[in-house]
Amino acid sequence: NSGRVLAMANMPTYDPNDINSVTDIAAFNNPTISNPYEVGSVAKTFTVAMGLDKKVIIPSSTYVNNGSTTVEDAVINNADKTRKLGTITMQDALDWSLNTGMVDITRRLGGGKINQTARSTMYDYLHNKFRLGEPTGIELAGETSGVVISPDEAEGNAVRYSNMVFGQGMNVTMIQVASGFCSVVNGGTYHMPTVINGTMDSNGKFTAAAQKASAPAISEASSQT
């Protein structure tokens, strides 16, 4: 609810009292903020949040799951093509982590097609509202941005975006994902993450840090749902 980081850890680790024993300088990096990765099915929560916020789905909305779906020249499969086949709800699609359900939401954002409208809406949420692919501004050295492809680029086509909705085809950092995920469940507000709790003066008096910048990501109603 505030963006304050309560804990952050990476493995493998090292003993800061025995730095000379470190054989791989990469141990000094902080992958949580500096190593972009394909987020995978965690992204499905963002996709469902978009669908709810744009009012193209509710949890009981249904679609027909055939185990796979075709987007242009690409066939997209569920991890298990035999799971929950037939007419199922979007709640089922999220519970069972079905790629086909996420692609269906993407089509609904474009009125039935993964067109420019659908892709621009996705980019607005993923990049501008959830801040994926953008440095968070956390007060730690070495933060990187990652990549979320714009629909205005040649690579930002329907196949790319149909993969992004279930977490492939974009590279983001763990701090970006954690911050964006908080905004989905905290009532809809994105808070810039911070590791600064406050300051201490020479007399030991603690002063709490001011709240960092925040912005609306989704509606409170969508967050509650």
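Throughout what follows, the structure given in this document is the object of discussion.

Cut-offs and rules
- Residues numbered from 1 in each chain as written.
- Predicted model: local features only at pLDDT ≥ 70, side-chain atom pairs only at ≥ 80, totals over all residues.
- Heavy atoms only, no water.
- Salt bridge = Lys/Arg side-chain N within 4 Å of Asp/Glu carboxyl O.
- Helix = DSSP H or I, 4+ residues; strand = E, 2+ residues; numbered from the N terminus.
- Buried < 20%, exposed > 50% of the residue type's maximum accessible area, 1.4 Å probe, protein only.
- Polar contact = N/O pair within 3.5 Å; in protein donor to acceptor, adjacent residues only side chain to side chain.
- Contact = heavy atoms within 4.5 Å.
- 1 Å grid on protein atoms, 1.4 Å probe; cavity = no way out; pocket = protein on both sides within 12 Å on 5 of 7 lines; lining within 4 Å.
- Points joined across faces, edges and corners; volume = space filled by probe spheres on them.
- Nonpolar A, V, L, I, M, F, W, Y, C, P; charged D, E, K, R; others polar.

A few words now on the pattern of salt bridges. Under the definition given, this model contains 5 salt bridges. Linking Arg108 and Asp104 is a salt bridge whose minimum nitrogen-to-oxygen distance equals 2.6 Å. Of this pair, Arg108 and Asp104 both sit in helix α4 (residues 99-109), 4 residues apart, which is roughly one turn of that helix. Among the salt bridges present, the one from Arg131 reaches Glu134, with a minimum N-O distance of 3.9 Å. On the basis of relative accessible area, Arg131 is assigned to the partly exposed category, the value being 30%. Given a relative accessible area of 25%, Glu134 falls into the partly exposed group.

All right, on to unusual backbone geometry then. Backbone phi values are negative for most residues with the exception of glycine, while trans is the configuration of most peptide bonds. With an omega of -5 degrees, the peptide bond between Met11 and Pro12 qualifies as cis. Within the fold, Pro12 resides in the segment before α1 (31-34). At Lys84, a residue that is not glycine, the phi angle is positive and equals roughly 50 degrees. Considering the arrangement of structural elements, one finds Lys84 in the loop between β3 (74-77) and β4 (86-89). Phi is positive for Ser97, which is not a glycine, with a value near 55 degrees. Position of Ser97 among the secondary structure elements: in the loop between α3 (90-95) and α4.

Looking now at the side chain of Asn78. Tracing the backbone through its elements, the reader meets Asn78 in the loop between β3 and β4. What makes Asn78 buried here is its relative accessible area of 4%. Only 3.1 Å separates the side chain of Asn78 from the side chain of Asn65, close enough to count as a polar contact. With near-sequence residues (within four places) excluded, Asn78 lies in contact with Asn65, Gly67, Leu98, Asn99 and Thr100.

What follows is about the layout of surface pockets. Roughly 330 Å³ of volume is contained in the largest pocket. Lining the largest pocket we find 18 residues, and of these Arg4, Val5, Ile175, Ala178 and Cys182 sit closest to its centre. Elements with a contribution of two residues or more to the lining of the largest pocket: α7 (174-185) and β5 (189-191). With 5 residues, α7 is the largest single contributor of residues to the lining of the largest pocket. Looking at the lining of the largest pocket residue by residue, the classes come out as 9 nonpolar, 8 polar and 1 charged. The computed volume of the second largest pocket comes to approximately 220 Å³.

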